[in-house]
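What follows is the residue order along each chain.
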Amino acid sequence: MKGYRIAIMLGLAGATMSPASARSAIDDALAAMDDDRPAAAKGPDYLECVPYARQLSGIQIFGDAHTWWKQASGRYATGHAPRVGAVMAMEPYANSQLGHVATVSKVVDSRTILVSHANWSPIEGQRGRIEKNVTVLDVSPANDWSEVRVWYEPIHNLGNTHWPVSGFIYNDRPGKTATVAAAKKKGRRSDPIGDIIAGNY
């Protein structure tokens, strides 16, 4: 929840770190994200994002994160609206060639969710760590969750990178999709502050 509180404060009061310095910190860390060392060389506490997402969501997809969206076709329901328990499938981007998956733990509002995931932020200087209930902000112009900013622990803030998202994979049979428009029709409240933040970044 800490990520969400700080994100809202920053949305109202302005960021405390310059975009250039935040981007540099993230880019430096991303250089080591696609670590192709054997698991034994990474240490006993190292955890990839894929097995952790599989454990939390119950979605039985294997292989690199960037393959999950395609693998889900015909096997699981998919869509573009966050739902608790769904897996957010992020596309390869910048120095991250393997993509990333994170499990939605809470839908805060139309622009903000909390996720739990592994191997995103270095924690105490080490990769492969678990982060629970951290903020992800939708910054897509259409509020369709196609671009997000993600909480990055070393800077105690949302990173500035706009990460491309393929969509959400639900632990349900194919055909049971959820769209942003459908979610709004069901009365999900709007988030004007989130809209302002998305518009400014």
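Each remark here, short or long, concerns the structure printed above.
The notes below deal with the structure included here. (Residues numbered from 1 in each chain as written. Predicted model: local features only at pLDDT ≥ 70, side-chain atom pairs only at ≥ 80, totals over all residues. Heavy atoms only, no water.)

1. With respect to the nonpolar core
Here is step 1 of the chain: Grouped together as the largest cluster of nonpolar side chains are 25 residues, with contacts concentrated most on Met88, Met90, Ile113, Val136, Val148, Val150 and Phe168.
Here is step 2 of the chain: Elements with a contribution of two residues or more to this core: β2 (87-90), β3 (100-109), β4 (112-118), β5 (130-138), β6 (147-152) and β8 (163-170).
Here is step 3 of the chain: Residues within four places of Val150 in sequence aside, it is in contact with Met90, His117, Trp120, Thr135, Val136, Asn157, Leu158, Gly159 and Trp163.
Here is step 4 of the chain: In this structure, Ala53, Trp68, Val87 and Ile169 belong to the second largest nonpolar core, which totals 13 residues. (Core = buried A, V, L, I, M, F, W, Y, C linked by side-chain atoms within 4.5 Å. Buried < 20%, exposed > 50% of the residue type's maximum accessible area, 1.4 Å probe, protein only. Helix = DSSP H or I, 4+ residues; strand = E, 2+ residues; numbered from the N terminus. Contact = heavy atoms within 4.5 Å.)

2. Some details on the packing of aromatic side chains
Here is step 1 of the chain: Under the counting rule described, the total for this entry stands at three aromatic pairs.
Here is step 2 of the chain: Plain terms: the ring middles of Tyr93 and Trp163 are 5.7 Å apart, the flat faces sit at 75° to each other, and that makes the pair edge-to-face. Taken together, the residues Tyr93 in the loop between β2 and β3 and Trp163 in strand β8 connect sequence positions 70 residues apart.
Here is step 3 of the chain: Owing to a relative accessible area of 39%, Tyr93 belongs among the partly exposed residues under this scheme.
Here is step 4 of the chain: An angle of 70° between the planes, with centres 5.1 Å apart, marks the rings of Trp120 and Trp163 as edge-to-face. Of this pair, Trp120 sits in the loop between β4 and β5 while Trp163 sits in strand β8, placing them 43 residues apart in sequence.
Here is step 5 of the chain: Trp163 sits in the buried class, given a relative accessible area of 4%.
Here is step 6 of the chain: Grouping aromatic residues by their ring pairs yields a cluster made of Tyr93, Trp120 and Trp163.
Here is step 7 of the chain: The aromatic ring of Tyr170 is capped on one face by Arg83, whose charged end is 4.0 Å from the ring centroid. (Phe/Tyr/Trp six-rings, centres within 6.5 Å; stacked < 30°, edge-to-face > 60°. Lys NZ or Arg CZ within 6 Å of the ring centre and 35° of its normal.)

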